[in-house]
Amino acid sequence: MDVLINVFVALHIIGIASLLGGFLTQMKAVGEGNARFGPAMLHGALTMLVTGVALVGLNQADDQPVNNVKIGIKLLILVVILALVYVKRDEEKVDKGAFMAVGGLTVANIFIATIWT
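Summary of the structure given here.

Cut-offs applied
Residues numbered from 1 in each chain as written. Predicted model: local features only at pLDDT ≥ 70, side-chain atom pairs only at ≥ 80, totals over all residues. Heavy atoms only, no water. Core = buried A, V, L, I, M, F, W, Y, C linked by side-chain atoms within 4.5 Å. Buried < 20%, exposed > 50% of the residue type's maximum accessible area, 1.4 Å probe, protein only. Helix = DSSP H or I, 4+ residues; strand = E, 2+ residues; numbered from the N terminus. Phe/Tyr/Trp six-rings, centres within 6.5 Å; stacked < 30°, edge-to-face > 60°. Lys NZ or Arg CZ within 6 Å of the ring centre and 35° of its normal.

What follows is about the nonpolar core. Ranked by size, the top nonpolar core spans 21 residues in total, and within it Leu19, Phe37, Met41, Ile81, Val85, Phe99 and Val102 carry the most contacts. Elements represented by at least two residues in this core include exactly α1 (2–24), α2 (27–32), α3 (39–61), α4 (68–87) and α5 (96–115). The dominant element in this core, judged by the number of residues it contributes, is α4, at five residues.

On to the packing of aromatic side chains. The full count for this structure, using the stated rule, is two aromatic pairs. Relative to Phe99, the ring of Phe23 has its centre 5.1 Å away and its plane inclined at 25°; by these criteria the two rings are stacked. Within this pair, whereas Phe23 is found in helix α1, its partner Phe99 is found in helix α5, the two being separated by 76 residues in sequence. The exposure class of Phe23 is buried, given its relative accessible area of 8%. On the accessibility criterion, Phe99 (0% relative accessible area) is buried. Geometrically, the ring pair formed by Phe37 and Phe99 is stacked, given 5.3 Å between the ring centres and 20° between the ring planes. With Phe37 in the loop between α2 and α3 and Phe99 in helix α5, this pair connects stretches of sequence that are 62 residues apart. The two residues Phe37 and Phe99 agree in class, both being buried. For the cation-ring pair, Arg89 lies above Tyr86, with the distance from its terminal atom to the ring centre recorded as 3.9 Å.

From the geometry alone we can't say anything about function, so treat these as descriptive.
Right, dumping it as structure tokens:
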């Protein structure tokens, strides 16, 4: 079971790397007013959602403690990120506020995952 959990953790990290990487590569475009949500950002958020849900289920099945409040907050943040990216995915230019909100929420999700114990 540990190997399976670790595989899903790795996939979860790949998802967040895709989402954050898509945001960071657009920073110059934000300044120019040409930022947009790329497919990598949408797929990264979806990967995080699927693997996160799987990780909660696998950890509970393995009788490991799960902090449901932490998971609930992370899920809520991810749903907001996913909604913003999904709704505005086809727009040629995304307003700076929405784009920066996705980046800020992504970083917040990372800090919640790593600092909240």
